[in-house]
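# Descriptive analysis of the structure
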Amino acid sequence: MFFLTKVMVSAIIIGAVTEVARYFPKYGGIIAALPLVSLLSLFWLSVQGEKITNLSNFALGVLWGFPATAVLLLVVALSLRHTIPLSISIGLGLVSWFVVLYIQDILFRS
């Protein structure tokens, strides 16, 4: 039952963001750029009783993925501006995301 509650609350938030984006694309994008998924995940993990150290590691993992996500979004936006179809734009963005994560891993191996 708790899983369904998480899914429903999360889906409602995502649905609300997409509705705002339909009428006000710029503001929908700004709202979507908020770390909604990260914050929701932290909240649900906390409610489920995860340790603070796990929550901290999760937050650092999100931060680690930020540069690659920024590149993904940049590639998708530029591709769409050049009238590349959405599915191809997303594919290019995902490839760039993996490349950036791979480069980060090589540069910052500990």
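Source: prediction; values computed, not measured.

At a closest axis distance of 8 Å, the pairing of helix H4 (residues 52-81) and helix H5 (residues 86-107) adopts a crossing angle of 150°. The orientation of H4 relative to H5 falls into the category roughly antiparallel. Crossing of H4 against H5: the hand is right-handed. Counting all contacts with H4, which are made through Trp-64, Gly-65, Pro-67, Ala-68, Thr-69, Val-71, Leu-72, Val-75, Val-76, Ser-79 and Leu-80, the residues of H5 involved are Leu-86, Ser-89, Ile-90, Leu-92, Gly-93, Leu-94, Ser-96, Trp-97, Val-100, Leu-101, Gln-104 and Asp-105. Residues belonging to the contact of H4 with H5 are distributed by class as follows: 15 nonpolar, 7 polar and 1 charged.

Right, let's get into the pattern of salt bridges. Pairs can form between side chains of opposite charge whenever their charged atoms are close. In the structure shown here, the tally under the stated rule is 2 salt bridges. For Arg-22, the salt bridge identified is with Glu-19, shortest N-O distance 3.2 Å. Here Arg-22 pairs with Glu-19, and both are found in helix H1 (residues 2-23), just 3 residues apart, close to one helical turn. Judged by its relative accessible area of 56%, Arg-22 falls in the exposed class. For Asp-105, the salt bridge identified is with Arg-109, shortest N-O distance 3.7 Å. We classify Arg-109 as exposed; its relative accessible area is 60%.

What counts, and at which threshold
- Residues numbered from 1 in each chain as written.
- Predicted model: local features only at pLDDT ≥ 70, side-chain atom pairs only at ≥ 80, totals over all residues.
- Heavy atoms only, no water.
- Axes fitted to C-alpha atoms, helices over the stretch in contact; angles between N-to-C directions.
- Helix = DSSP H or I, 4+ residues; strand = E, 2+ residues; numbered from the N terminus.
- Parallel < 35°, antiparallel > 145°, perpendicular 65-115°, else oblique.
- Left-handed = near helix turned anticlockwise from the far one by under 90°.
- Contact = heavy atoms within 4.5 Å.
- Nonpolar A, V, L, I, M, F, W, Y, C, P; charged D, E, K, R; others polar.
- Salt bridge = Lys/Arg side-chain N within 4 Å of Asp/Glu carboxyl O.
- Buried < 20%, exposed > 50% of the residue type's maximum accessible area, 1.4 Å probe, protein only.

No statement about biological role is implied by the geometric values presented.
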